[in-house]
Amino acid sequence: MYRILKEKVMESLYAVLPITCIVLLLSILLVPIEVGTMAMFFTGAAMLIFGMGMFQLGADTAMSTIGEGIGGQLAKAKNFKLMAFVALVMGILITIAEPDLQVLSNQVPAIPNATIIWTVAVGVGIFLAIAVLRIAFKFNLSKMLIILYSALLILSFFIPDEFLAVAFDSGGVTTGPITVPFIMALGVGISSMRIDKYASSDSFGLVSLASVGPILAVLILGCFYNTKEAAYSAVEMFSVSTMRDVALTFTKEIPHFLKEVSISLLPIILMSLGFQLLTHKYNKRQILRISFGFLYTYIGLVLFLCGVNVGFAPVGTILGRSLAATSQKWILVPIGMLIGYFIVKAEPAIQILNHQVQTITNGKISESSMNGALSIGVAVSVGMAMLRVLTGVPIQYIIIPGYIIAMVLSRLVPPIFVGIAFDSGGVASGPMTSTFLLPLCIGVCESLGGNIMTDAFGVVALVALTPLIAIQLMGLIYKIKLEKAKKNVTSVSDIPVDGDEIIEIWED
């Protein structure tokens, strides 16, 4: 296990190193940052690297294993009511535990934290149950998403502007490092019991449907609250001058994250324990391995969240304020795109998704192909978010055309790409987005004197949008190449039987 951990940590290092170098170059060339603040940033980066490595190892050995086990057991039972009920309960418990949701709820004082958290959790639970039933009854994912997103876009016209961006952001923050491994593994477990040719395609899509629930729930909630008074709580700036101050600051903050992650993981651990007591699915060796997996997950998440929140978020706000204060404000757009391109690689849940995609497709859709498409998509997202902050363009002008394009593409590409694309949208908007990109936009908006609730919020929603288009464009390219290959075959046996059969399309 030590060898695997070393590999995961090295993968994390390569993912985090580019964004660290970008911030360092910006602090040298454009916006000088105090040495103490940069020391906090680099310490946070080191914690992020080790934390993400340990989290990925823990997710592989614990949460993914339990999720697949529960999904497989539910599929064997063939009790649709039981499937829906278990998915509903799991969705609610896991969402309440999601750290990103706690961050978002603190930024909307017009609504009590408990109200927005429970609203989002129930939304996820209901739509996770719907997603499970979709797999069981073989409903078409593309048609479901078109109907649901059409309803969201229509409803968005009746929601106060100050609340709209927050509502769409809620769909992204609920699919974070706690939720994604469990939900994706659940889909794999349920679909594994099917032997038809669409089983692999239908293993994706749970995250995408689970992301619809909170958006719809929060949009409805927004009709009953006055959000004019909603305001963003500025990121706390830690004052440090020596390395001793840096160490004391992180030491002081770690207990908070120890408690937060304990609360986050406890429902999943109790659920896993109950599942084992009822089914006796795992032997002692497997139980020991899963237990160590949860331990790695716990330590990894504590390090990751502490590093990101304490080291990364303040620097994001400082960079935003300083860059917006320069005479060349438009440089924020290309800088934002550059940061967005690399920051998606540092999202822990993205690595889980990419690994899952490569496994399900037997390596035909590689992790590098997924990373490339997602990086381009998120780069465009952050560029548009910066453009919105600078110009005050309403988020509807981007969200509505974007989802229309995504829904049209969903009718043109092979079904497996639809599930992967919409799952990618939810997964891309993780803790790095909410704790670095959002503070970056907040800092810009504060410096320019804009409306934070309407102009800065929405970056999470945009990050969740563009991967839908990028991944489906990858699927469209695959489809075109497949059709060309069919025309060039020399015999009938050379023709692929089904359009869902995935081939490596990125190697020429």
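Definitions and limits used
Residues numbered from 1 in each chain as written. Predicted model: local features only at pLDDT ≥ 70, side-chain atom pairs only at ≥ 80, totals over all residues. Heavy atoms only, no water. Helix = DSSP H or I, 4+ residues; strand = E, 2+ residues; numbered from the N terminus. Buried < 20%, exposed > 50% of the residue type's maximum accessible area, 1.4 Å probe, protein only. Contact = heavy atoms within 4.5 Å. Areas by Shrake-Rupley, 256 points an atom, 1.4 Å probe, with all protein chains shown as cover. Axes fitted to C-alpha atoms, helices over the stretch in contact; angles between N-to-C directions. Parallel < 35°, antiparallel > 145°, perpendicular 65-115°, else oblique. Nonpolar A, V, L, I, M, F, W, Y, C, P; charged D, E, K, R; others polar. Expected span 1.5 Å × (residues − 1). Bend = angle between axes of the 7 residues up to and from the residue. Patch = residues over 30% accessible without salt bridge, like charges linked within 9 Å, V, L, I, M, F, W, Y side chains within 5 Å. Salt bridge = Lys/Arg side-chain N within 4 Å of Asp/Glu carboxyl O. Left-handed = near helix turned anticlockwise from the far one by under 90°. Phe/Tyr/Trp six-rings, centres within 6.5 Å; stacked < 30°, edge-to-face > 60°. 1 Å grid on protein atoms, 1.4 Å probe; cavity = no way out; pocket = protein on both sides within 12 Å on 5 of 7 lines; lining within 4 Å. Points joined across faces, edges and corners; volume = space filled by probe spheres on them. pLDDT = per-residue confidence, 0-100.

S.K.: Provide a residue-level description of the overall build of the protein, including the pertinent values.
M.R.: When helices and strands are counted, the protein shows 20 helices and zero strands. Burial status across the protein gives 59% buried among its 508 residues. If you take every contact in the protein between residues at least 6 apart in sequence, the share linking residues at least 24 apart comes to 87%. For the protein, the computed accessible surface area is about 20200 Å², with 66% contributed by carbon and sulfur atoms.

S.K.: Lay out the packing of helix 2 (residues 35–77) against helix 11 (residues 243–279) with the relevant residues and their values.
M.R.: As a packed pair, helix 2 and helix 11 sit with axes 12 Å apart at the nearest point and diverge in direction by 0°. The orientation of helix 2 with respect to helix 11, classified from their angle, is roughly parallel. Of helix 11, the residues touching helix 2 (which contributes Gly36, Ala39, Met40, Thr43, Gly44, Met47, Met63, Ile66, Gly69, Ile70 and Gln73) are Met243, Val246, Thr249, Phe250, Ile254, Ile268, Ser272, Phe275 and Thr279. For the contact of helix 2 with helix 11, the class distribution of residues is 12 nonpolar, eight polar and no charged.

S.K.: I'd like a rundown of helix 12 (residues 284–324), residues and numbers included.
M.R.: Taking 1.5 Å per residue, 41 residues should reach 60 Å; helix 12 reaches 57 Å between its end C-alpha atoms and fits that length. A maximum bend of about 35° is found in helix 12 at Phe312, where proline Pro314 lies one to four positions downstream.

S.K.: I'd like a rundown of a nonpolar patch on the surface, residues and numbers included.
M.R.: A cluster of nonpolar side chains, namely Leu24, Leu25, Ile28, Leu29, Leu30 and Phe42, defines an oily patch on the protein surface of about 570 Å² accessible area. For the nonpolar patch, the leading source of residues is helix 1 (residues 2–29), giving four residues. Of note, Leu24 is situated in helix 1. The class of Leu24 is partly exposed, set by a relative accessible area of 33%.

S.K.: Give a description of the pattern of salt bridges that names residues and reports values.
M.R.: Inspection of every chain in the model, using the stated rule, returns two salt bridges. For Glu7, the salt bridge goes to Arg3, with nearest N and O atoms at 2.9 Å. On the criterion of helical spacing, the pair formed by Glu7 and Arg3 is a turn pair, its members being four residues apart in helix 1. Classification of Arg3 as exposed rests on a relative accessible area of 56%. The partner of Arg321 in a salt bridge is Glu446, with the nearest N and O atoms 2.7 Å apart. Of the two residues, Arg321 sits in helix 12 while Glu446 sits in helix 18 (residues 431–448), which places them 125 residues apart along the sequence. Since its relative accessible area comes to 32%, Arg321 is described here as partly exposed. On the accessibility criterion, Glu446 (30% relative accessible area) is partly exposed.

S.K.: Any chance you could break down the packing of helix 11 against helix 12 for me, citing the residues and the numbers?
M.R.: At their nearest, the axes of helix 11 and helix 12 sit 8 Å apart, and the two run at 145° to each other. Crossing of helix 11 over helix 12 shows right-handed handedness. For the contact of helix 11 with helix 12, the residue count by class is 16 nonpolar, eight polar and two charged.

S.K.: Got a sec to walk through the environment of Leu17? Specific residues and values, please.
M.R.: Position of Leu17 relative to the elements: it lies in helix 1. With relative accessibility at 41%, the residue Leu17 sits in the partly exposed group. Separated by 326 residues in sequence, Leu17 and Ile343 place their C-alpha atoms 9.8 Å apart.

S.K.: Before we move on, could you go through the packing of aromatic side chains and cite the residues and values that matter?
M.R.: Using the criterion set out here, one finds six aromatic pairs in the structure. A ring pair is formed by Tyr341 and Phe342, whose centres lie 5.1 Å apart and whose planes are at 80°; its orientation type is edge-to-face. Look at Tyr341 and you get partly exposed, because its relative accessible area is 31%. Owing to a relative accessible area of 21%, Phe342 belongs among the partly exposed residues under this scheme. Among the aromatic residues, those joined into a cluster by ring pairs are Tyr149, Phe168, Tyr403 and Phe422.

S.K.: Please provide a residue-by-residue account of empty space enclosed by the protein, values included.
M.R.: By rolling a water-sized probe across the atoms, one finds the places where empty space is left. Per the stated rule, a full pass over the model turns up three cavities of 30 Å³ or more. By volume, the largest cavity is sized at about 90 Å³. The wall of the largest cavity is formed by 13 residues, among which Tyr149, Ser211, Ile215, Tyr403 and Ala464 lie closest to the centre. For the lining of the largest cavity, the secondary-structure elements that each account for two or more residues are helix 7 (161–173), helix 10 (206–222), helix 17 (415–428) and helix 20 (459–487). Class assignment for the residues of the lining of the largest cavity results in eight nonpolar, five polar and no charged.

S.K.: Can you break down the confidence of the model for the protein residue by residue, with the values?
M.R.: Averaged over all residues, the pLDDT of the protein is 80; the fraction at 70 or higher stands at 87%. Mean pLDDT values over the elements of the protein span from 62, in helix 9 (residues 199–202), up to 90, in helix 16 (residues 396–410). Within the model, the stretch residues 491–508 combines pLDDT values under 50 with 38 contacts to residues more than four positions away or in other chains.

S.K.: Please set out the side chain of Ser142 residue by residue, giving values where relevant.
M.R.: Relative to the elements of secondary structure, Ser142 occurs in helix 6 (residues 141–156). Apart from residues lying up to four places away in sequence, Ser142 is in contact with Ser410, Arg411 and Val418.

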